[in-house]
Amino acid sequence: MNTHIFRNNEEIGKLEAESDSFLDSCFYETNIFKGIMNFDPSEKNPDFTRRIIVGRTGSGKSALLRKILDEGSIKVYDKIEAENTIFEHVKNNIFISSLNESGIDLRVFYKSLWLHALLIKVIPALHRSSYQSFFNKIQELIGGKKKPYNPELANEYIEQFKDVFFNDKALVEISNKMQHELSAKIGMKGIDFGGKLGSEETQKIQSETSSYVSRELIRKQKELIKILNEEFSETGQFRIIISIDDLDRSWLSSSDIRYDFINALLEAFRELLDIKSVKILISIRTDILMGIYNKTLRQDEKDQSLIYAVAWNKTEIREIIDMRINHLIKNKYQGSRNITMKDIFDFDIDGVPSDDYILDRTMLRPRDAISFVNYCLKECDGRININKDIVLMAEEKYFSSRKRALVSEWVSIYKNISNYVDSLSLLQSPEFSKDSIEDAKKNEVLTYILDRVSSTEDDPIHSKIIMNFDELLKVWFIVGVIGIKRTPSLIVYSSYDKPDLDITDMNRTFVVHPLFNR
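Residues numbered from 1 in each chain as written. Predicted model: local features only at pLDDT ≥ 70, side-chain atom pairs only at ≥ 80, totals over all residues. Heavy atoms only, no water.

Chemist: When you look at the overall build of the protein in this model, what are you seeing that I'm missing?
Modeler: If you tally the helices and strands in the protein, you get 22 helices and eleven strands. Its C-alpha atoms put the protein at 80 × 60 × 40 Å along the principal axes. Partitioning the intrachain contacts of the protein with sequence separation of at least 6 by distance along the chain shows that 75% fall at a separation of at least 24. Carbon and sulfur atoms make up 45% of the accessible area of the protein, which amounts to about 24300 Å² in all. Separation between the mean location of the 72 positive side-chain charges and that of the 80 negative ones in the protein comes to 2 Å. (Helix = DSSP H or I, 4+ residues; strand = E, 2+ residues; numbered from the N terminus. Contact = heavy atoms within 4.5 Å. Areas by Shrake-Rupley, 256 points an atom, 1.4 Å probe, with all protein chains shown as cover. Lys, Arg positive; Asp, Glu negative; His and termini not counted. Charge placed at Lys NZ, Arg CZ, Asp CG, Glu CD.)

Chemist: Sorry if this is basic, but what is going on with the pattern of salt bridges here?
Modeler: In a structure, side chains of opposite charge can pair up when their charged atoms sit close to one another. Under the defined criterion, the tally for this structure stands at 38 salt bridges. In this structure, Lys67 and Asp24 form a salt bridge, with 3.5 Å as the shortest nitrogen-oxygen distance. Taken together, the positions of Lys67 in helix 3 (residues 61–69) and Asp24 in helix 1 (residues 23–26) put the pair 43 residues apart, joining distant regions of the chain. The salt bridge involving Lys121 is made with Asp78; its shortest N-O contact spans 3.5 Å. Of this pair, Lys121 sits in helix 6 (residues 107–126) while Asp78 sits in strand 2 (residues 76–79); the two residues are 43 residues apart in sequence, bridging distant segments of the chain. (Salt bridge = Lys/Arg side-chain N within 4 Å of Asp/Glu carboxyl O.)

Chemist: Explain the sheet that holds strand 11 (residues 509–512) to me, please; I cannot follow it from the model alone.
Modeler: Pairing between sheet strands relies on hydrogen bonds along the backbone, with the strands arranged either parallel or antiparallel. Pairing is antiparallel in the open sheet, where four strands are placed in the order 8-11-9-10. Unpaired on one side and paired on the other, strand 8 (431–433) and strand 10 (490–492) mark the two borders of the sheet. Adjacent strand axes in the sheet meet at a mean angle of 40° when their direction is disregarded. Two elements, strand 9 (residues 482–487) and strand 11, share three bridges in a ladder whose sense is antiparallel. Within the sheet, the bridge partner assigned to Ile484 lies in strand 11 and is Phe510. Relative to the sheet, helix 22 (residues 469–479) contacts strand 8, strand 9, strand 10 and strand 11, its axis offset from that of strand 9 by approximately 85°. (Pairing = 2+ DSSP bridges. Axes fitted to C-alpha atoms, helices over the stretch in contact; angles between N-to-C directions.)

Chemist: Would you take a moment to explain the packing of helix 9 (residues 169–186) against helix 10 (residues 199–232) for this structure?
Modeler: When two helices pack together, you describe them by how their axes are tilted relative to each other and by the distance separating the axes. The N-to-C vectors of helix 9 and helix 10 enclose an angle of 130°; their axes lie 10 Å apart at closest approach. Judged by the angle between their axes, helix 9 and helix 10 are oblique. For the element pair helix 9 and helix 10, the recorded crossing hand is right-handed. Within the contact between the two elements, helix 9 uses Ile174, Lys177, Met178, Glu181, Leu182, Lys185 and Ile186 and helix 10 uses Lys204, Ile205, Glu208, Thr209, Tyr212, Val213 and Leu217. Here the contact of helix 9 with helix 10 is composed, by residue class, of eight nonpolar, one polar and five charged. (Parallel < 35°, antiparallel > 145°, perpendicular 65-115°, else oblique. Left-handed = near helix turned anticlockwise from the far one by under 90°. Nonpolar A, V, L, I, M, F, W, Y, C, P; charged D, E, K, R; others polar.)

Chemist: Is there a simple way to think about the side chain of His127 in this case?
Modeler: Position of His127 among the secondary structure elements: in the loop between helix 6 and helix 7 (131–140). Using a relative accessible area of 16% as the deciding quantity, one classes His127 as buried. Here Ser133 takes part through its side chain, which lies 2.7 Å from a polar atom of the side chain of His127. For His127, the side chain forms a polar contact with the main-chain nitrogen of Phe134, separated by 3.4 Å. For His127, the residues in contact, after removing those within four places along its chain, are Ser133, Phe134 and Phe232. (Buried < 20%, exposed > 50% of the residue type's maximum accessible area, 1.4 Å probe, protein only. Polar contact = N/O pair within 3.5 Å; in protein donor to acceptor, adjacent residues only side chain to side chain.)

Chemist: What exactly am I supposed to notice about the pairing of strand 4 (residues 278–285) here?
Modeler: A regular strand places its side chains so that they alternate between the two faces of the sheet. Within strand 4, eight of the eight residues are buried, which leaves the element mostly enclosed by the surrounding structure. In terms of strand pairing, strand 1 (residues 52–55) meets strand 4 through four bridges, oriented parallel. In the sheet register, Ile52 faces strand 4, and the bridge partner there is Ile282.

Chemist: Whenever I open this one, the packing of aromatic side chains confuses me. Can you help?
Modeler: Within the structure shown, the criterion is met by 16 aromatic pairs. With a centroid separation of 4.6 Å and 20° between ring planes, the pair formed by Phe372 and Tyr398 is classed as stacked. Placement of the pair is Phe372 in helix 17 (residues 366–378) and Tyr398 in helix 18 (residues 388–410), with a sequence separation of 26 residues. The pair Phe372 / Tyr398 is uniform in exposure class, with both members buried. Cluster of aromatic residues (ring-pair linked, three or more members): Tyr131, Phe134, Phe135, Tyr157, Phe161, Phe165, Phe166 and Phe232. The side chain of Arg361 reaches across the aromatic face of Tyr357, ending 3.5 Å from its centre. Stacked on the ring of Tyr375, the Lys or Arg Lys378 has its end atom at 5.0 Å from the ring centre. (Phe/Tyr/Trp six-rings, centres within 6.5 Å; stacked < 30°, edge-to-face > 60°. Lys NZ or Arg CZ within 6 Å of the ring centre and 35° of its normal.)

Chemist: Honestly, helix 6 in this entry has me stumped. Any pointers?
Modeler: Given 3.6 residues per turn, any residue in an α-helix points the same way as the ones three and four places further on. Taking 1.5 Å per residue as the helical rise, helix 6 with its 20 residues ought to reach 28 Å, and the 28 Å between its terminal C-alpha atoms agrees with that figure. Most of helix 6 is tucked away, with 16 of its 20 residues classed as buried. (Expected span 1.5 Å × (residues − 1).)

Chemist: Looking at this model, I keep getting lost on the side chain of Glu10. Mind explaining?
Modeler: By secondary structure assignment, the location of Glu10 is in the segment before helix 1. A distance of 3.0 Å separates a polar atom in the side chain of Glu10 from the backbone nitrogen of Arg7. Ignoring any residue separated from it by four or fewer positions in sequence, one finds Glu10 in contact with Lys332 and Leu377.

Chemist: Is there a simple way to explain the sheet that holds strand 4 in this structure?
Modeler: Across the sheet, five strands lie side by side as 2-3-4-1-5; this open sheet has parallel pairing. Pairing within the sheet leaves two strands with one partner each, and these edge strands are strand 2 and strand 5 (307–309). Recorded for the sheet is a direction-independent mean angle of 20° between the axes of neighbouring strands. Two elements, strand 1 and strand 5, share three bridges in a ladder whose sense is parallel. From the neighbouring strand, Val54 faces strand 5, where its bridge partner is Ala309. On the sheet, helix 6 packs against strand 2, strand 3 (240–244) and strand 4 and is oriented at approximately 150° with respect to strand 3.

Chemist: What is the right way to read the environment of Ile225 from this model?
Modeler: Within the secondary structure, Ile225 is located in helix 10. Along the sequence, Ile225 and Glu271 sit 46 residues apart, while their C-alpha atoms lie 7.7 Å from each other. Residue contacts for Ile225: discarding those within four places in its chain leaves Leu115, Leu119, Glu271, Leu272 and Ile275.

Remember that the coordinates give geometry; whether it matters functionally is a separate question.
In structure tokens:
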């Protein structure tokens, strides 16, 4: 019997990894963590190239990176703040904005900016000495016997930006030099486009832009990377990790160049895969990566060998909560007996064990489960044990929080996602097939959405949804509020490997997620 009484200021950890004091003691060591920490580049380690950590909001991507930072076997750990380095520059540069607005494809230029941002992190990590000694080393490689790289080209790149190479002004200087070169080539002072360019002008500017970036930036950057791999990288001797973890923040969500910008990073970091002692880790939300694929900026097949898809099952989530509850109880009571979630939630709710009731209402992500249990603890007053009423009250608050998080996660793709989720409540049964819903009910659902959205201009996705119930069904599945019922015990929800519905799924039986079955 549960004899533990909690106060409303107790919790089993914070939702953000950066402030979670429970993380060090209660970290769940997954195969992904073990794989990232394995620097063996041989065939014995087929996961060596996996560097892109993909997962939904709250799946534990940031916690994973934080724990890697603490690992003693990692000799150098650094991070790139994309917002403060590259993106701010791209967003505020008038020249780049003018090219963008004129329809010039700048993906290859973004790649060159990313390559420089990566190089100025990788070089100091590999060459643990002064910047000048590195410059001298490159110059010393010029001449002599033939090498598998071109030191002259690498040195040309360094000399171009030598004064600012390792500081924040480098990206500005790279852009300024390109602007100067293009202005001279095209014969337009400052390239002030003003009005809309004609197709011939656009084609000319596009050609000169791509040619310059390829010739003066990327070609030379690649030679510098070859030198780092041949002359500075000691496999197995030095483990270096550089992470990028702010690609899902609001500063990027509202930008028109969002997908081009991230796609360029995915292209750039591949150039450094051959440097075996360095792992560049990119943490990215599933929906953002899917957006890149949907815009056909790249093929998902080419990334399969690079991706770690973060996913959890119910047993793993339970173990995470068990560890955290046990940590809380032992710190409070100094007891020796291990306490689990089932020990605290030892009663039924509507015929279901309360621990299962809670876990079933998460989307099988650590943050969801931690949040629900924390809401339960907040309902405690220090006088009574956790009971059914406490869990049900906590569920109401947890639902509101989870719904806000879901809307925030998907609103950049589905502007009216809140209405799409709300319309699910109009269905009469938590289990349904497309054909089991009468046409009148489908029209009622679509009308509900239509009545709440004043305009469909500039939103082709929404226009498709309000005209076709199948499209709404697909959105419900993608965001995770319904799943496919394969057997009484197996419900398939959207994941990285199964992100959406295809035509063969449309006649299946669907189940509303327990949290949204209200």
